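Fold and geometry: a report
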Amino acid sequence: EPVLGWFKLMDLRGINSQFGYAQGDELIADTARLLRQAFADRHVCYVTSGEYCVLCYRDEAERGADRLQSQLLNYKPGMSVQSKIGFAVWQEGEPTISLVDRAKLALNSILNSDRNARFYDSALDKEIHFRQYIIGHVDEAIEKGWLQVWYQPIARAVTGHVCNEEALSRWDDPVYGFLMPYRFIPLLEDSGLMYKVNL
């Protein structure tokens, strides 16, 4: 199965700041060389700002990513480089831009995790659709009362009497059912829409 991988050097800006732009430029060139070694005889392309694209086959993808990651972790003494890569399997008749988008979405889904590689799969597809749903329906949820304020009493430990209360958010959605805050608040915070909930 043909696969497109979208590869990113993590914190290139920090590397430039700590080691200088000449070292950053050398790292960019060396990474291209290491990518060509990790994915031998495959197409590798530098895109921008420490991001690369690679075309390979599925059975080579994770093995190549692991090989590249281990080489970058030991790049130079005192200079350990982190990287991430997202993969998408090409589907018959799929436009190239869609394949690129899916690979980038797979990469973006692991940027804040300890995973180094991820394939775009049905689980990620569900995550993305859920995210789009929450972001696209926050106004409707507020207007129709799906988004609710629940008050939790705070008791003084010494007396056991209620001395205050904490306001909590709950989303009772007609499609996804009852949603706890961890399901929707991070999505709204990331998209800059949390102020609507706060108001």
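The structure we're discussing is the one just above.
Every chain begins its residue count from 1, and numbering advances along the sequence as written. The predicted nature of this model means local features are confined to residues of pLDDT at least 70 and side-chain atom pairs, given and counted, to a pLDDT of 80 or more, with totals for whole chains, interfaces and linings taken over all residues. Derived side-chain values reflect all non-hydrogen atoms in the structure, with water molecules and hydrogen atoms excluded from consideration.

A few words on the overall build of the chain. Regarding its fold elements, the chain presents 7 helices and 8 strands. Our radius of gyration is a C-alpha quantity, and the globule rule it is checked against amounts to 2.2 Å times the number of residues to the power 0.38. Taking 2.2 N^0.38 as the reference for a compact globule, 199 residues should give roughly 16 Å; the C-alpha atoms of the chain span a radius of gyration of 22 Å, well beyond that estimate. Each principal axis of the C-alpha distribution contributes one length, and for the chain these read about 70 × 45 × 25 Å. We call a residue buried when its accessible area falls under 20% of the maximum for its residue type, exposed when it is over 50%, and partly exposed in between, using a 1.4 Å probe and counting protein chains only. Residue burial in the chain is summarised as follows: out of 199 residues, 38% are buried. A separation of at least 24 residues holds for 57% of the contacts in the chain among residues at least 6 apart in sequence. Element-wise, carbon and sulfur atoms account for 50% of the exposed surface of the chain, whose accessible area totals about 11,900 Å². A residue counts as positive if it is Lys or Arg and as negative if it is Asp or Glu; His and the chain ends are not included. Just so you know, the charge point we use is NZ for Lys, CZ for Arg, CG for Asp and CD for Glu. With 21 positive and 27 negative side-chain charges, the chain shows a spacing of 3 Å between the two charge centroids. Each helix is a run of DSSP H or I of at least 4 residues and each strand a run of E of at least 2, with the numbering of both proceeding from the N terminus. Here a residue-residue contact requires only that any non-hydrogen atoms of the pair lie within 4.5 Å. Note on areas: Shrake-Rupley with a 1.4 Å probe; residue coverage comes only from the protein chains shown.

Take the pattern of salt bridges next. Only one rule defines a salt bridge in this text: a Lys or Arg side-chain nitrogen within 4 Å of an Asp or Glu carboxyl oxygen. Enumeration over the complete set of coordinates arrives at 10 salt bridges. Residue Glu51 is joined to Lys8 by a salt bridge in which the shortest nitrogen-to-oxygen separation is 3.2 Å. Note that Glu51 is positioned in strand S3 (residues 51-57) and Lys8 in strand S1 (residues 2-9), a separation of 43 residues in sequence. Its relative accessible area of 15% is what places Glu51 among the buried residues. Close ionic contact of Arg118 with Asp121 constitutes a salt bridge, the shortest N to O distance being 3.8 Å. Residue classification places Asp121 among the partly exposed residues on the basis of a relative accessible area of 34%. When salt bridges that share partners are traced, they join Arg118, Asp121 and Glu127 into one network.

Nine residue types can take part in a nonpolar core, namely buried Ala, Val, Leu, Ile, Met, Phe, Trp, Tyr and Cys, and a core is a set of them joined through side-chain atoms within 4.5 Å. The biggest cluster of nonpolar side chains holds 27 residues, and the ones touching the most others in it are Phe7, Leu9, Leu27, Leu72, Val81 and Phe87. Mapped onto this core, the elements with two or more residues apiece are S1, helix H1 (12-19), helix H2 (21-38), S3, helix H3 (58-73), strand S4 (83-89) and strand S5 (117-119). At 6 residues, H2 tops the list of elements feeding residues into this core. If sequence neighbours within four positions are ignored, Leu72 has contacts with Phe7, Leu9, Leu27, Thr31, Leu34, Met79, Ser80, Val81 and Ser83.

A separate point is the pairing of strand S2 (residues 43-48). Pairing between two strands requires that DSSP report at least two bridges joining them. Two strands pair when backbone bridges link them, and S2 and S3 are joined in this way by 5 bridges, in the antiparallel orientation. Of the residues in S3, the one forming a bridge with Tyr46 is Tyr52. Hairpin connection from S2 to S3: 2 residues lie between these consecutive antiparallel strands, with Ser49 at a positive phi of about 40 degrees.

To continue, consider the sheet that holds S4. Strand order in the open sheet formed by 5 strands is S2-S3-S1-S4-S5, with mixed pairing between adjacent strands. The outermost strands of the open sheet, each flanked by one partner alone, are S2 and S5. In this sheet, neighbouring strand axes are inclined to one another by 20 degrees on average, regardless of whether the strands run parallel or antiparallel. One ladder, built from 7 bridges, connects S1 with S3; its direction is antiparallel. Note on S3: the bridge partner recorded for Leu4 is Leu55. Angular values range over 0 to 180 degrees, each being the angle between N-to-C directions of two axes fitted as lines to C-alpha atoms, with helices fitted over their stretch in contact.

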